Amino acid sequence: MRVLKFGGSSLASPERIEDVGRIVLDAARKDSIIVVVSAFQGITNQLLDSARLAEQGDATADHAFEKIAARHRAAAVALLGRRRGARTIAHVDALGAELRDALHGIRLLGHCPPRALDVTASFGERLSALIIAAYLDRLRPARFVDSRSFVITDDHFTEANVLFRETNRATRRTFAPLLRAGGRRVIPVVTGFIGSTTDGRTTTIGRNGSDYTAAIVGAAVGASVIEIWTDVDGVLSADPRHVPSAFVLPQITYEEAMELSYFGAKVLHSAAIAPAVAKSIPLLIKNTFNPAAPGTWISRKGGADDHPAKGITSITDLRLLTLRGLNMVGVPGIAERLFRALASHRVNVILISQASSEHTICFAVSDADAAAAIQAVNQEFRFELQHQLTALDERQNQAIIAVVGDGMKGRPGVSGKVFGALGRHNINISAIAQGASERNISCVVDSAQQSRALNVIHQAFFEARKPLALVVVGVGNIGGALLRQLHQQRAYLLAQGFDLKVVGIANSKRFVLDARGVNLARWAEELAVSRRRMDAATLAREIAKLELTNAALVDCTADAAIVDAYPDFVNANLHIITPNKRANVLPWARYAALMDLLRRRQKHFLYEANVGAGLPIMSTLRDLIASGDEIRKVEGIFSGTLSYLFNAFDGSVPFSAIVRQARELGLTEPDPRDDLSGQDVARKLLILARQTGSRMEIGDVRVESLVPRRLAGGAYSPQFFSAFAAEDREMGQLLRRSEARGAGRRYVGTLDGNRARAGLAEFPRDHPIAATKGSDNVIAFTTKRYSRTPLVVQGPGAGADVTAMGVFSDVLKLLHYLPH
């Protein structure tokens, strides 16, 4: 015996009902079945709205009724045909007339008591079951069954309580003859959601009560399984509207299902579990739109699972109220007074958290119950509140996040994983509650943080690969090379357990964002047609709306405006990775404020490519300091551009021509004066100095500029090279004088304690600095440990690919830093 319940979404249209018919007939070929149906999708709400409109005397009530009647008549015609379905259509019209009379009575009274509301609401299931039974009967014997004939309740209208002794007897009596009528199996099609009092008055057993009806029937007739057919593949690990990576749970226990349902999971009505639990009848959640999906099996045993948690769910639109006062400490009965008062006002308390000695008691209620809850507390504690011995605090726009799973019992570290994940993502917790069963850990957060909280906890418990979303700003030489490297290494990163995707790309004019990931095979085309105009602050706001869990800004520009917006990106919960040196050379007050913000927001700031492009200069310096070494001197060639220029300049070609060639090769900044001025080297010296703990400013670095004063100002233009050619003679003379002394001339930077200098210097031909090739950097660290022979790092220090490699290495570091 199987009981199959179909919800409103499964009955939204005649086409959907035909799908239901195929599922029912397939089940009936194998087993005896009972079908329980809800109203067509949206009909219950329309019926209740019609009743309220009629109560107000609103003429649009007639229009609302006509829409309901027309929809059911059209469904009957579509499924049965006008001639063959004439009898059923007449029954539909008769029920429609009965509904019109009920609404007319409400209008005449100008009042709609709960009893009349239940009568009005009952028509949805009665019409639905009538039409579906008639449709099935064309294919196999089926019969309409009105659940009011066997679901016996009290008279608490709209939320009636089932009288199980009477209901079970009536249910068995109702279905015994139907299941073997005339020697053939007849398919009963039962109205969900409705019942009747012992004297025959129509009641409803709560919204979504069709699940409950199915469980009542299944328990009474001893069904082998109760199937709940809905519009998802089963019970999911989280709400997919908030958590795109949510997946179907193949098997859970009754208790886990009850907790998930109570805390917001919409697949199953929590009351439906109780009759099934009493008879140990499993429930199976299936998808009408994907019958082949295995669904979720709910039973006493949940099955083996490596995950301690089974699901993460939430309830929103809550108010958190806190009763506090020193006079409450050690006074017995405070909690009893509070919750008795709330119960007397019919306030449903969703979560409770209490400090020791009852000093503070906080509890969450729905927004709908908040006014009644505040009134109840004000009345019960009026004396204490009047004399300011007690206070009631109110926190609006709250949401409960609940982590549920039988595997959490007795397992250390589960709470730490939940709260650690929230803390790392700067999600503040307003209250915490955990039941003695250890099956549920709940916390209250601001509603604005609900989606991100669900995602970070889901990621911590369920996602095998560590995710990271990148927003790449600046797609010139370095940014373009980085995007190419990320695209090429996608398979490698996945194999290493990293799910890295680029969700945003921006140039100076426009940006593109896609939370699913930008297609790196055609990012340039997507960016070119984007209508989203680039503004750093706007980009930060748009990223914040995506509520990404692990995300980083990759700033591949040399733009001060992007650096100015770093606080916006950090507050949007992004780490920062950049070869852009401007942040690290900000005036000390701004630099310190940025570093403090990064610490407070627990965000990483990675800038290996600030010095030495792809060379491990910054990491080497950090490791020396971390290991307790003492930095005495750092010197060398810090500019790959200047290294290339002086290695290539042998007098055979004018110096200005070599500068032009370097720019064409992508070895210079967009404006070559940034390199020739020595400011690039000065910034690198300042970055190293600040890494050692110095509070040096950029003005403290002595710099020798190679740009003539007459060319230093104004905007860069290609005419720069022809104007710069006037200096070629002087550069040639300097070269010849150095060669005559058997030396080479190089542009070097030196950091010696709190003194820093950047400028030209001569070195013997056999000196490591004079012996560099191409665009090599060579940096020597003289330390307490490396005092006689410096520690030397040497290699290419310029070029888009090697700089992008340095940025890529920072991306990998961040992936390793992030907790799983």
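Since the structure is predicted, the reported quantities are computational estimates derived from the model, not experimental observations.

This part covers the overall build of the protein. Along its length, the protein carries 30 helices and 29 strands. For a compact globule of 820 residues, the expected C-alpha radius of gyration is about 28 Å, and the protein comes in at 37 Å, more than 25% above that figure. Its C-alpha atoms give the protein principal-axis dimensions of roughly 120 × 70 × 55 Å. The buried share of the protein, reckoned over its 820 residues, is 54%. Once local pairs closer than 6 in sequence are excluded, the contacts in the protein between residues at least 24 apart make up 72%. Carbon and sulfur atoms make up 50% of the accessible area of the protein, which amounts to about 35,500 Å² in all.

The phi torsion at Ser280 lies on the positive side, around 55 degrees, for a residue other than glycine. Here Ser280 lies in the loop between α9 (273-278) and β10 (283-287). Despite not being glycine, Asp317 has its phi angle at roughly 60 degrees, a positive value. Structurally, the position occupied by Asp317 is in strand β12 (residues 311-324).

Bringing the packing of aromatic side chains into the picture now. Enumeration according to the criterion identifies 13 aromatic pairs in this entry. A centroid spacing of 5.5 Å and a plane angle of 45 degrees characterise the contact between Phe646 and Phe655, whose relative ring orientation is tilted. Summarising the burial analysis for this pair, Phe646 and Phe655 share the class buried. Measuring from centroid to centroid gives 6.4 Å for Tyr716 and Phe720, while their planes differ by 55 degrees, and the two rings are tilted. On the basis of relative accessibility, which here comes to 25%, the residue Tyr716 falls in the partly exposed class. Overall, the relative accessible area of 6% leaves Phe720 in the buried class. A connected cluster of aromatic rings, assembled from ring pairs, spans Phe247, Phe461 and Phe462.

This part covers the pattern of salt bridges. Any two side chains of opposite charge can pair, given that their charged atoms come close. With the rule as written, the count across this model stands at 48 salt bridges. Its salt-bridge partner being Arg484, residue Asp801 comes within 3.3 Å of it at the nearest N-O pair. Of this pair, Asp801 sits in helix α30 (residues 800-817) while Arg484 sits in helix α15 (residues 477-488), placing them 317 residues apart in sequence. Exposure remark for Asp801: the relative accessible area of 46% places this residue in the partly exposed category. For Glu762, the salt bridge goes to Arg741, with nearest N and O atoms at 2.4 Å. Of this pair, Glu762 sits in strand β27 (residues 755-764) while Arg741 sits in the loop between α29 (728-740) and β26 (743-752), placing them 21 residues apart in sequence. By relative accessible area, which is 30% here, Glu762 ends up partly exposed. Taken together, the shared-partner salt bridges in this structure form one network comprising Glu336, Arg337, Arg340, Glu380 and Glu384.

A few words on the pairing of strand β28 (residues 776-783). Counted residue by residue, β28 has 8 buried out of 8 residues, so it is predominantly covered. By the alternation rule, side chains of β28 split into Asp776, Val778, Ala780 and Thr782 and Asn777, Ile779, Phe781 and Thr783, which are all buried. Inspection of the sheet shows strand β24 (residues 631-637) paired to β28 by 6 bridges, in the antiparallel sense. By the bridge assignment, Glu635 is partnered in β28 with Ala780. Pairing analysis gives 6 bridges linking β28 to strand β29 (residues 791-796), with the strands arranged antiparallel. The residue of β29 that forms the bridge with Val778 is Gln794.

Further remarks concern the sheet that holds strand β13 (residues 351-354). Overall, antiparallel pairing links the 6 strands, which are arranged β13-β14-β12-β15-β17-β16 in an open sheet. At either margin of the open sheet sits one strand with a lone partner, and together these are β13 and β16 (431-434). The average angle at which neighbouring strand axes cross in this sheet is 30 degrees, direction not considered. With 7 bridges connecting them, β12 and strand β14 (residues 360-366) associate as antiparallel partners. Bridge assignment links Arg319 to a residue of β14, and that residue is Val365. Contacts from helix α13 (residues 414-424) reach β15 (391-404), β16 and β17 (440-446), with the element oriented near 15 degrees to β17.

One open sheet accounts for 8 strands, arranged β3-β5-β2-β1-β8-β10-β11-β9; its pairing is mixed. Either end of the sheet is taken by a strand with one partner, and the two such strands are β3 (142-145) and β9 (251-253). Adjacent strand axes in the sheet meet at a mean angle of 20 degrees, parallel and antiparallel pairs treated alike. Sheet topology places β9 next to strand β11 (residues 296-299); 3 bridges connect them, and they run parallel. Paired with Thr253 across the bridge in β11 is Ser299. Taken strand by strand, helix α8 (residues 254-262) contacts β9, β10 and β11, and its axis lies near 85 degrees from that of β9.

Two elements in contact, helix α6 (residues 164-175) and helix α7 (residues 209-221), have axes separated by 9 Å at closest approach and are oriented at 75 degrees. In terms of orientation, α6 and α7 fall into the roughly perpendicular class. Residues Phe164, Thr167, Asn168, Thr171, Arg172 and Phe175 of α6 pack against Tyr212, Ile216, Val217, Ala220 and Val221 of α7. Across the contact of α6 with α7, the residue classes tally to 7 nonpolar, 3 polar and 1 charged.

Residues Val414, Val418, Ala421 and Leu422 constitute the buried set of α13. Mapping the buried residues of α13 onto a view down its axis gives an arc of 95 degrees, with all of them on the same face. Two residues or fewer after α13 comes Asn426, characterised by a positive phi angle close to 60 degrees.

Now for the nonpolar core. In terms of nonpolar packing, the biggest core is built from 81 residues, with Leu539, Tyr566, Phe569, Leu645, Phe655 and Leu676 touching the most fellow members. The contacts of Phe569, once residues within four sequence positions are left out, are Ala536, Leu539, Ala540, Ile543, Leu553, Ile562 and Leu574. One finds Leu47, Leu79, Val92 and Phe193 within the second-largest nonpolar core, a separate group that totals 52 residues.

Here we come to the side chain of Arg745. Note on placement: Arg745 falls in strand β26. At a separation of 3.2 Å, a polar atom in the side chain of Arg745 contacts the side chain of Glu762. With residues near it in sequence (within four places) discarded, Arg745 still touches Phe646, Leu734, Ser738, Leu760, Ala761 and Glu762.

Glancing now at α7. Between the first and last C-alpha of α7 there are 19 Å, a value that for 13 residues agrees with the 18 Å anticipated at 1.5 Å per step. Counting buried residues along α7, 12 of its 13 residues qualify, which places the element largely inside the surrounding structure. Regarding α7, the residues found buried are Gly209, Ser210, Asp211, Tyr212, Thr213, Ala214, Ala215, Ile216, Val217, Gly218, Ala219 and Ala220. Backbone geometry just downstream of α7 places Gly222 in the positive-phi region, at approximately 70 degrees.

The subject of this paragraph is the environment of Arg201. Tracing the sequence through the fold places Arg201 in the loop between β6 (194-197) and β7 (202-204). Here the alpha-carbon distance between Arg201 and Asp155, two residues 46 residues apart in the chain, equals 8.1 Å. Ignoring any residue separated from it by four or fewer positions in sequence, one finds Arg201 in contact with Arg115, Asp155, Phe157, Gly195 and Ser196. Side-chain polar atoms of Arg201 contact the side chain of Asp199, separated by 3.2 Å.

Moving on to the packing of helix α4 (residues 86-109) against helix α5 (residues 114-137). Relative orientation of the contacting elements α4 and α5 amounts to 175 degrees, with a least axis distance of 10 Å. The angle between the axes of α4 and α5 places the two elements in the roughly antiparallel class. Residue-level contacts link Thr88, His91, Val92, Leu95, Glu98, Leu99, Leu103 and Ile106 of α4 to Ala116, Thr120, Phe123, Arg126, Leu127, Leu130, Ile131 and Ala134 of α5. Partitioning the contact of α4 with α5 into residue classes produces 11 nonpolar, 3 polar and 2 charged.

So, how was this worked out
Numbering of residues begins from 1 in every chain and follows the order in which that chain's sequence is written. Where totals are concerned, whole chains, interfaces and linings use all residues; where local detail is concerned, this predicted model gives features only for residues with pLDDT of at least 70, and gives and counts side-chain atom pairs only at 80 or more. For the side-chain quantities, the full set of heavy atoms in the structure was used; hydrogens and water were omitted. A helix here means a DSSP run of H or I that spans at least four residues, while a strand means a run of E at least two residues long, and both kinds are numbered starting from the N terminus. Computation of the radius of gyration draws on C-alpha atoms alone. For the globule rule, the value is 2.2 Å times the number of residues to the power 0.38. Working definition: with a 1.4 Å probe on protein chains only, accessible area under 20% of the residue-type maximum means buried, over 50% means exposed, and in between means partly exposed. In what follows, a contact means two residues having at least one pair of non-hydrogen atoms within 4.5 Å. In this description, accessible areas are obtained by the Shrake-Rupley approach with a 1.4 Å probe, and a residue is regarded as covered only by the protein chains that are shown. Note on aromatic pairs: the rings of Phe, Tyr and Trp (six-membered ring only in Trp) are paired at centre separations within 6.5 Å, and the planes decide the class, stacked below 30 degrees, edge-to-face beyond 60, tilted for the rest. Salt-bridge detection follows one rule: a side-chain nitrogen of Lys or Arg within 4 Å of a carboxyl oxygen of Asp or Glu. In this description, strands pair whenever DSSP reports at least two bridges between them. Each axis is a line fitted through C-alpha atoms, taken for helices only over the stretch in contact, and angles between the N-to-C directions span 0 to 180 degrees. By the definition adopted for this analysis, an angle is roughly parallel if under 35 degrees, roughly antiparallel if over 145, roughly perpendicular if from 65 to 115, and oblique otherwise. Each residue is assigned to one class: nonpolar for Ala, Val, Leu, Ile, Met, Phe, Trp, Tyr, Cys and Pro, charged for Asp, Glu, Lys and Arg, and polar for all the others, Gly among them. Directions drawn from the helix axis to the C-beta atoms are what define this arc. We call a set of buried residues a nonpolar core when its members are Ala, Val, Leu, Ile, Met, Phe, Trp, Tyr or Cys and they connect through side-chain atoms within 4.5 Å of each other. We define a polar contact as two N or O atoms separated by no more than 3.5 Å, with the added condition that, inside protein, one atom must be a possible hydrogen donor and the other a possible acceptor, whereas residues neighbouring each other in sequence contribute only through side-chain atom pairs. Given the number of residues in a helix, its expected span is that number minus one, multiplied by 1.5 Å.

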